[in-house]
Amino acid sequence: MQMKKLLAVLSVFLFGASFASQAFAATYLPSSAIERTYLKSFARKTIGEQNAKLAAKYRTAMLNRFMKYTTYDSQSSDKMAITPEQIETAKKLYAEIQKFGFKTILTKNYYIYVEIPSNLKWKTPTLGFSCHYDTTPDILGKGIKAQKIERYDGKPIQLKNGHVLSTETDPYLKQMIGKTIVTSDGTTMLSADDKAGVSVLVTFMQTLAENPSKKHGKIQIVLTPNEDVGRSADFIEETPYNPDIAFDFDGGVNGEVVVGNFNAEKVLYRVHGVNGHQSMAAENGYRNAWKPACELGAACAQEKWLPNNSTGKQGYVELHHMDMLDGQPNVAELDFRLRDFNQGNIEAWKQYADSVANKISNQFGVKIEREIVKQYGNVAESIHPQARTIVANAMRNAGVMPNFKEERAGTTASMLMLKLGNGAYTVFTGQNNAHAFTEWLSEEDMFKSYIVALNLADEVAMMR
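Residues numbered from 1 in each chain as written. Predicted model: local features only at pLDDT ≥ 70, side-chain atom pairs only at ≥ 80, totals over all residues. Heavy atoms only, no water.

## Some details on the overall build of the protein chain
Step number 1: A tally of regular secondary structure across the protein chain gives 12 helices and 18 strands.
Step number 2: Counting all 464 residues of the protein chain, 54% fall into the buried class. (Helix = DSSP H or I, 4+ residues; strand = E, 2+ residues; numbered from the N terminus. Buried < 20%, exposed > 50% of the residue type's maximum accessible area, 1.4 Å probe, protein only.)

Structure below.
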C-alpha cells in the first residue's frame, strides 16, 4: 500500500471522517493482517506523541489537584458503614466532576459513577476505570500537610517526629533525583493511596471534556468508598458500572501492573456447646464449647498452611481470631482467613476442615456450623483476554516498561470482580510506602499513569 493511501486510511481509522472521506476509507481499507498490524503500530506511535503533548498541558493542574485532595479527610472505618468524612469527600468530588458535563451519579451509598459516551463511528468494547477515594484508618490521616519537593537532591528528608526518608531505606528515591516528589510532614500519612489514582482519573475526565475532538469509545468510571476496609464493592450494583475491559488505578511505581492476586475467603466455624454450670457437667451432660473449638483450631493449623511459611505463589490459612460470642456464653467462634492464588487449594482446605469439624462434632457431641464469606477473587481467573496486551502497549507508548506482578493481597479490582464477574488489572499511580508516616508520591509516575490512561482509551478505540 502506498504511504499516501496508508495515511489517509489511518486518519479515517482513528478519527472518523475528520481528515478523509468514508468512501476513500472503504476503498483502501487494509485487507491483510500485516497491513492492519502496521496501521495500528503507526497509529499507536502517532497517538502516543499526541497524548504526551496533550497531557503536558494538564501536568501542573493534576499535581495541584492531588495536593488539594490530600486536605480532604476521608478515612474509612471498620466500625461504621461510611464515615462523615467520606461523605463530605464524595460530595466535593461529585460537584467537581459534574462540571465536566458527562453523565455523573452519586449513589445513596456514595459511589461516584461517570459515563463518557463514545464519539466513534464504530462499536468498541466498553472501557472501565476505577479508583477509591477513602484512606486507611490504620494510621493518622486527619489534617494532612503535604509538602512538595521540587528537584529532589537525593539527600535524606527529615520529617517530623523523627521520621526520615532516604535513598538507603527506599532505593527508588534514587530515581527521583532532580524530579518532584510529595511527602507528608511526618505527623500523618500522605494519602496517595488512593488520592493519586483519583487525581489521575479526574484529570483524565477533564481532558476528554475539554478536548471533545479526541476520539474514544464508551468509558465508564467509578470512584468507590471503603476500599481500605475491604468493602469497595459492597454497593457497586447501585451504579451501571460493568465494563467489558477494565483497569484499576491504585498501584505503586515504575510501571507496576498487578495482573494476579490472592483469592480470599473468610470461613467461620461456630461450636455450640450445652449450657450449664460446669460443676455439674459430668452428671448432667453439659459440654463446654471451648474444648472442641480448641481441638478444631489446632487440627486446622497444618504446617503447610501457616502464614509465616508462605512465600511466592503459596497460599496460607490464618486463624484470625477465636473467641466466645457476646451474649452466647457457650458458643465459640473460629474465624479463619484463607488466601491462595489457586481457588482449588482453598476448596481443598475447606473439605479437609469440614471433615475435621464432623469428627470433632461426633467426638464431643456438639453442633458445629460453618459460614463462608467470599472476600475477593484472583483477577487473573476472569480477565479480558486482550487486557495484558492492551496495557503493555499503552505503557510502552508512554515510555514506561511494564512491570507485571502478582500481589499477595487483594485490590479494588478483585473486590469488584466478585460482583461484576470480570477482573481488572491494577495500574501504577506513583504511590509509595502506603499506610506509613513516610509515605510519598512520585509526581513523575503519577503523570506517566495519566498518559497511560489516555493511551488505554486509544488502545480500546482500535479494537474494532
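## A closer look at the packing of helix α4 (residues 59-69) against helix α12 (residues 443-461)
Step number 1: At a minimum axis distance of 11 Å, the contact between α4 and α12 shows a crossing angle of 115°. Crossing handedness for the pair α4 and α12: right-handed. Here Arg59, Met62, Leu63 and Phe66 of α4 come into contact with α12, specifically with Glu443, Glu444, Met446, Phe447 and Tyr450.
Step number 2: Here the residues of the contact of α4 with α12 sort into 6 nonpolar, no polar and 3 charged. (Axes fitted to C-alpha atoms, helices over the stretch in contact; angles between N-to-C directions. Left-handed = near helix turned anticlockwise from the far one by under 90°. Contact = heavy atoms within 4.5 Å. Nonpolar A, V, L, I, M, F, W, Y, C, P; charged D, E, K, R; others polar.)

## What to know about the pattern of salt bridges
Step number 1: The final tally for this structure, using the stated rule, is 23 salt bridges.
Step number 2: With a shortest N-O distance of 3.0 Å, Lys214 and Asp458 are connected by a salt bridge. Taken together, the residues Lys214 in the loop between α6 (192-210) and β8 (219-224) and Asp458 in helix α12 connect sequence positions 244 residues apart. Considered together, Lys214 and Asp458 belong to a single accessibility category, that of buried residues.
Step number 3: Here Lys405 ties to Glu407 by a salt bridge, and the two come within 3.8 Å at their closest N and O atoms.
Step number 4: Classification of Lys405 by relative accessible area gives partly exposed; the value is 27%. (Salt bridge = Lys/Arg side-chain N within 4 Å of Asp/Glu carboxyl O.)

## With respect to the nonpolar core
Step number 1: Core analysis: the biggest nonpolar cluster contains 82 residues, and Phe129, Met205, Ile221, Leu223 and Phe247 have the highest contact counts within it.
Step number 2: Considering every element that reaches this core, the biggest residue donor is α12, with 10 residues.
Step number 3: Those residues within four positions of Phe129 in sequence are excluded, and the remaining contacts are Leu201, Phe204, Gln220, Ile221, Val222, Tyr241, Phe247, Phe249, Ala453 and Leu456.
Step number 4: In this structure, Ala289, Leu296, Trp349 and Ala357 belong to the second largest nonpolar core, which totals 21 residues. (Core = buried A, V, L, I, M, F, W, Y, C linked by side-chain atoms within 4.5 Å.)

## With respect to helix α8 (residues 290-300)
Along an α-helix, residues three or four positions apart point the same way, because every turn accommodates 3.6 residues.
Step number 1: Listing the buried residues of α8 in full gives Pro292, Ala293, Leu296, Gly297 and Cys300. For α8, the angular spread of the buried residues around the axis is 140°, confining them to a single face.
Step number 2: On its buried face, α8 sits against β11 (263-272), β12 (316-324), β13 (331-340) and α9 (343-364). (Arc of directions from axis to C-beta.)

## Topic: unusual backbone geometry
Step number 1: Of note, the amide linkage connecting Asp193 to Asp194 takes the cis form, showing an omega dihedral of 5°.
Step number 2: Tracing the sequence through the fold places Asp194 in helix α6.
Step number 3: One non-glycine residue with positive phi stands out, namely Arg151, at about 50°.
Step number 4: Note on Arg151: relative accessible area 63%, which makes it exposed.
Step number 5: Its identity is not glycine, yet Asn226 carries a phi of approximately 60°, on the positive side.
Step number 6: Given the relative accessible area of 6%, Asn226 is considered buried.

## Points about the sheet that holds β8
Step number 1: Taken together, the 8 strands give an open sheet; going across it, the order is β1-β2-β8-β3-β9-β16-β10-β15, and neighbouring strands pair in mixed fashion. The two strands at the open ends of the sheet, each matched to only one other strand, are β1 (103-106) and β15 (403-407). Averaged over all pairs of adjacent strands, the angle between strand axes in this sheet comes to 25°, irrespective of strand direction.
Step number 2: Across 4 bridges, strand β9 (residues 245-251) lies against strand β16 (residues 425-428) in parallel orientation. Following the sheet pairing, Phe247 is matched in β16 by Tyr425.
Step number 3: The strands touched by α6 are β2 (112-116), β3 (127-132), β8 and β9; relative to β3, the strand with the most contacts, the crossing angle is about 140°. (Pairing = 2+ DSSP bridges.)

## Some points on the environment of Ile236
Step number 1: Inspection of the secondary structure assignment puts Ile236 in the loop between β8 and β9.
Step number 2: When its relative accessible area of 1% is taken as the criterion, Ile236 is described as buried.
Step number 3: Each C-alpha atom, one on Ile236 and one on Tyr110, is 9.9 Å from the other, the two residues being 126 residues apart in sequence.
Step number 4: Setting aside residues no more than four positions away along its own chain, Ile236 makes contact with Tyr111, Val222, Tyr241, Leu416, Lys419 and Leu420.

## Some details on the side chain of Thr180
Step number 1: For Thr180, the location among the structural elements is in the loop between β6 (164-165) and β7 (181-183).
Step number 2: In this structure, Thr180 is in contact with Leu63, Lys148, Ile149, Glu150, Arg151, Leu441, Ser442, Glu443 and Glu444, ignoring residues within four places of it in sequence.

## Quick notes on the sheet that holds β12
Step number 1: Reading across from one edge, β12-β13-β11-β14 is the order of the 4 strands in this open sheet, with antiparallel pairing throughout. The sheet is open, and its two edges are formed by β12 and β14 (367-376), each paired on a single side. When the angles between neighbouring strand axes are averaged without regard to direction, this sheet yields 15°.
Step number 2: Of the pairings in the sheet, the one linking β11 to β14 comprises 9 bridges and is antiparallel in character. Each bridged residue has a counterpart across the sheet, and for His272 the counterpart in β14 is Lys367.
Step number 3: Seen against the sheet, α9 touches β11, β12, β13 and β14 and runs at an angle of roughly 5° to β11.

## A closer look at the packing of aromatic side chains
Step number 1: On inspection of all chains with the given rule, the structure shows 9 aromatic pairs.
Step number 2: When the ring of Phe129 is compared with that of Phe249, the centres are 5.1 Å apart and the planes differ by 80°; the resulting orientation is edge-to-face. Taken together, the positions of Phe129 in strand β3 and Phe249 in strand β9 put the pair 120 residues apart, joining distant regions of the chain.
Step number 3: The class for Phe249 is buried, based on a relative accessible area of 0%.
Step number 4: Ring geometry for Tyr269 and Phe336: centres 6.2 Å apart, planes at 85°, overall edge-to-face. Taken together, the positions of Tyr269 in strand β11 and Phe336 in strand β13 put the pair 67 residues apart, joining distant regions of the chain.
Step number 5: Overall, the relative accessible area of 1% leaves Phe336 in the buried class.
Step number 6: In this structure, Lys313 packs its charged tip against the face of Phe341, placed 4.5 Å from the ring centre.
Step number 7: Over the aromatic face of Phe404 sits the side chain of Arg388, whose NZ or CZ is 4.1 Å from the ring centroid. (Phe/Tyr/Trp six-rings, centres within 6.5 Å; stacked < 30°, edge-to-face > 60°. Lys NZ or Arg CZ within 6 Å of the ring centre and 35° of its normal.)

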